[in-house]
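# Working through the structure, step by step
Take a look at the letters that make up each chain.
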Amino acid sequence: MRIDVLTIFPEFFSVLDVSLLGKARQAELVQANVHDLRTWAAMKADGTPDIHRTVDDAPFGGGAGMVMKADVWGRALDDVLQPGGVLVIPSPAGVPFTQALAADLARADQIAFACGRYEGIDARVAEHYDAVGFRVLELSLGDYVLNGGEVAAFAMIEAITRLIPGFMGNAESIVEESHADGLLEYPSYTRPASWRGLDVPDVLLSGHHGKIESWRREQQLERTRIRRPDLFADPREGVAQ
Ligand code: SAM
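Note that the structure is predicted; figures quoted are calculated from it, not measured.

Another aspect to go through is the overall build of the protein chain. Each helix and strand in the protein chain was counted, giving seven helices and nine strands. In the protein chain, which comprises 241 residues, the share counted as buried stands at 42%. By element, 53% of the accessible surface of the protein chain is carried by carbon and sulfur atoms, the whole surface being about 14000 Å².

Printed below as a string of structure tokens:
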């Protein structure tokens, strides 16, 4: 998979070199390119030079903050997006990013992440690339507002790339995880069996696989009911009622 990140803060993405994602890059399972958006801001929309490399301007209609310019984003994305590539625009006003979407995106040949700042990116950018045939997804990490798209893009990159076949050392670990089947994962324990007066549930020490499996299933259902009742009603997660 090829990943392209466009940002005015490329230094955020030094984290791409560490951990499993760093290894996947070395093994060439994932090719990640980080681009400084200001590279494409050397000229203004009228073709004259812009020594300030401006990427934002005041919003039409007035209001607080600045909006990222469509002409700069257009030049950048024209250069970076490959035929068949997916354009992801992180946005708190987007549709929720879910495990199901991560699994879907793990099959893409290229994903370009357009990291907004300020009040976000001129809305015509998403509209244009959709109109010319790219798959465009405006995705929210959650119901809160970050300062920029970088943290959101990195979270999505990590969630997507770990689902690429061959990425995880133990492929089974992603089958039983939270959200894999629409439920939260059961609680996990390791040695010592007794710690600060707290004992591991007896069933986990019983060696009885059938009983352990049913206990874990009950725990999944109970945790999900208590913490995330919305998942039972959410068709995106595919949970039977
Ligand atoms: N004015 C925008 C709004 O109210 O929808 C918020 C802009 S936010 C300050 C700046 C950038 O941070 C956004 O363009 C987006 O890239 C990113 N961002 C903020 N919160 C996000 C979230 N929950 N999910 C994904 N991206 C987010």
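Here the narrative resumes.
All right, on to the sheet that holds strand E6 (residues 110–114) then. Either a parallel or an antiparallel arrangement is found when strands of a sheet pair, and the pairing is made through backbone hydrogen bonds. The sheet built from five strands is open, its strands ordered E2-E1-E6-E5-E7 with parallel pairing. Either end of the sheet is taken by a strand with one partner, and the two such strands are strand E2 (31–36) and strand E7 (135–140). Direction aside, the axes of adjacent strands within the sheet are offset by 30° on average. With five bridges joining them, strand E1 (residues 2–7) and E6 adopt parallel strand pairing. Residue Asp4 lies in a different strand from E6, and its bridge partner there is Ala112.

Here we come to the packing of aromatic side chains. Overall, the coordinates contain two aromatic pairs when judged by the stated rule. Here Phe9 and Phe12 contribute two aromatic rings whose centre-to-centre distance is 6.2 Å and whose plane-to-plane angle is 65°, an arrangement assigned as edge-to-face. Judged by its relative accessible area of 37%, Phe12 falls in the partly exposed class.

It is worth spelling out the confidence of the model for the protein chain at this point. Across the protein chain, pLDDT averages 93, with 96% of residues at or above 70. Low pLDDT, under 50, characterises residues 237–241; the predicted model gives this stretch 13 contacts beyond four residues in sequence or across chains.

What counts as what
- Residues numbered from 1 in each chain as written.
- Predicted model: local features only at pLDDT ≥ 70, side-chain atom pairs only at ≥ 80, totals over all residues.
- Heavy atoms only, no water.
- Helix = DSSP H or I, 4+ residues; strand = E, 2+ residues; numbered from the N terminus.
- Buried < 20%, exposed > 50% of the residue type's maximum accessible area, 1.4 Å probe, protein only.
- Areas by Shrake-Rupley, 256 points an atom, 1.4 Å probe, with all protein chains shown as cover.
- Pairing = 2+ DSSP bridges.
- Axes fitted to C-alpha atoms, helices over the stretch in contact; angles between N-to-C directions.
- Phe/Tyr/Trp six-rings, centres within 6.5 Å; stacked < 30°, edge-to-face > 60°.
- pLDDT = per-residue confidence, 0-100.
- Contact = heavy atoms within 4.5 Å.

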